[in-house]
Amino acid sequence: MSRFSERLYQAAHDIWAKSHEHPFLTEMREGTLDPERFIYYLKQDYVYLIDYAKLFAMGSMKAGDLETMVKFAELLHSTLHVEMELHRQYAGRFGVTREELEQTRPAPTTVAYTKYLLDAASQGSLAEVVAALLPCMWSYREIGVEFMKIPGALEHPLYREWILMYGSDEFGALADWCISLMDRLAEGLPERELAQLEERFLVASRLEYLFWDMAYRQEEWPV
Ligand SMILES: Cc1ncc(C[n+]2csc(CCO)c2C)c(N)n1
């Protein structure tokens, strides 16, 4: 039987393709993305990551064995100290302090995405936690690897570090681990539960798309 992750990948194909073609990413790829849009993204992503990191804590809590528990703890550590450190360093280049980053008011799409993930994780099984968090890790891995292949992308003075982080083998290995965990957790589940996991994965994928779109539009609350 084919792997459940392949089913998820196929089901999300059109959504992910739409993300890859979004002007935020095409302009970043070409090095023409307005830095204001990038700063907006960094701030929103910082507060997104604070909530997202909690999913790894919940993964640790719901883990059925010590190895899985340790791996989620590593992912939590890496988000707080590696990924968020990249954001802090970028912000510093623009004179935005760590405190300002942390006090960013989450925009509507950030609220929708983080609360959706936390709801899925608090209500559901470990498989639901993984289905919800997976598009984030997997889609960034795809984007990072694609960007690394573009001649000159790593020479860009602003976007170089971002591309290096998400295109790195370390991030690739973390995403691979989550994909194989998804496959193991899905084994033997009835179709009704698989369909529910697929739904979590697809909604999170659509919210990933909306996150790029939000950053490009520099979305604000209407009042
Ligand atoms: C909206 C949004 N989606 C995905 C990521 C990428 N990401 C978040 S946590 C993690 C794994 C370990 O830190 C990865 C790859 C992001 N930064 N922002």
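The model shown is predicted, which means the values in this text are computed figures rather than measured ones.

1. Things to note about the packing of helix α7 (residues 108-123) against helix α8 (residues 126-148)
For step 1, the next point in the chain: Across the interface, α7 lies against α8 with an axial gap of 7 Å and an inter-helix angle of 160 degrees. Taken together, the axes of α7 and α8 lie roughly antiparallel to each other. The hand of the α7/α8 crossing is left-handed. Along the contact surface, α7 presents L117, A120 and A121, while α8 presents E128, V129, A132 and L133.
For step 2, the next point in the chain: Tallied by class, the residues present in the contact of α7 with α8 amount to 6 nonpolar, no polar and 1 charged.

2. Quick notes on the site of the ligand
For step 1, the next point in the chain: Not every one of the 15 residues close to the ligand is listed here, only the nearest: T79, E83, C136, Y140 and F211.
For step 2, the next point in the chain: Mapped onto the shell around the ligand, the elements with two or more residues apiece are α4 (35-62), α5 (66-93), α8, α10 (169-186) and α11 (191-217).
For step 3, the next point in the chain: Partitioned by chemical class, the residues of the shell around the ligand number 10 nonpolar, 2 polar and 3 charged.

3. Remarks on the UniProt feature "domain: Thiaminase-2/PQQC" (unreviewed entry) in the protein chain
For step 1, the next point in the chain: UniProt feature "domain: Thiaminase-2/PQQC" (unreviewed entry): in the numbering of this structure it lies at residues 10-217.
For step 2, the next point in the chain: Helix makes up 82% of residues 10-217 and strand 0%. Its end C-alpha atoms lie 28 Å apart.

4. Notes on the nonpolar core
For step 1, the next point in the chain: Within the largest apolar cluster, 58 residues are counted, with the highest numbers of intra-cluster contacts made by L117, V130, L133, L134 and M182.
For step 2, the next point in the chain: Top element by residues in this core is α8. It accounts for 12 residues.

5. Here we look at the environment of F201
For step 1, the next point in the chain: Relative to the assigned elements, F201 resides in helix α11.
For step 2, the next point in the chain: C-alpha separation for the pair F201 and L134, spaced 67 residues apart in sequence, amounts to 7.1 Å.
For step 3, the next point in the chain: If near-sequence neighbours (up to four positions away) are discounted, F201 is found in contact with L8, A12, A131, L134 and P135.

6. With respect to the confidence of the model for the protein chain
For step 1, the next point in the chain: Overall, the prediction assigns the protein chain a mean pLDDT of 96, with 100% of residues at 70 or greater.
For step 2, the next point in the chain: Scored as a complex, the prediction yields pTM 0.97 and ipTM 0.96.

7. Details of the environment of R93
For step 1, the next point in the chain: With respect to the helices, strands and loops of the structure, R93 is situated in helix α5.
For step 2, the next point in the chain: The exposure class assigned to R93 is exposed, which follows from the 12 C-beta atoms found within 10 Å.

8. A word on α7
Structurally, the α-helix is built with 3.6 residues per turn, so residues lying three or four positions apart point the same way.
For step 1, the next point in the chain: Over its 16 residues, α7 extends 22 Å from the first C-alpha to the last, a length consistent with the 22 Å expected when each residue adds 1.5 Å.
For step 2, the next point in the chain: Of the residues making up α7, those classed as buried are T109, T110, Y113, T114, L117, A120 and A121. Here the buried residues of α7 occupy an arc of 130 degrees about the axis, which is enough to place them on one side. Facing away from the buried side of α7 by over 90 degrees, the exposed positions are K115, D119, S122 and Q123.
For step 3, the next point in the chain: Contacts from the buried residues of α7 go to α4, α8 and α11.

Analysis parameters
- Sequence order sets the numbering: in each chain, residues are counted from 1 along the sequence as written.
- In keeping with the predicted nature of the model, local features appear solely for residues at pLDDT of at least 70, side-chain atom pairs appear and are counted solely at 80 or more, and the whole-chain, interface and lining totals rest on all residues.
- Axis definition: a line fitted to C-alpha atoms, limited for helices to the stretch in contact. Angles are taken between N-to-C directions and run from 0 to 180 degrees.
- In this text, helices come from DSSP runs of H or I with a minimum length of four residues, and strands from runs of E with a minimum of two, each type numbered from the N-terminal end.
- Any angle between 65 and 115 degrees counts as roughly perpendicular, while under 35 counts as roughly parallel, over 145 as roughly antiparallel, and the rest as oblique.
- Handedness of a helix crossing follows the sense of rotation of the near helix relative to the far helix, less than a right angle counterclockwise being left-handed and clockwise being right-handed.
- C-beta atoms are first placed from the backbone for all residues, and any pair lying within 7 Å is then listed as a contact.
- As a working rule, the residues Ala, Val, Leu, Ile, Met, Phe, Trp, Tyr, Cys and Pro are called nonpolar, Asp, Glu, Lys and Arg charged, and the rest polar, with Gly in that last group.
- In this entry, near means the residue's backbone-placed C-beta atom lies within 6 Å of the molecule or strand.
- UniProt positions are given in the numbering used here, feature names are shortened, and annotations may be inferred rather than shown by experiment.
- Working definition: the nonpolar core is a set of buried Ala, Val, Leu, Ile, Met, Phe, Trp, Tyr and Cys residues, joined through C-beta atoms within 7 Å.
- Each residue is classed by its C-beta neighbour count within 10 Å, where at least 20 other C-beta atoms makes it buried, 12 or fewer makes it exposed, and intermediate counts make it partly exposed; the C-beta atoms are placed from backbone geometry.
- Per-residue confidence from the predictor is reported as pLDDT, a score between 0 and 100.
- For a helix, the expected span equals 1.5 Å multiplied by the number of residues minus one.
- For this quantity, the arc is that covered by the directions from the helix axis to the C-beta atoms.

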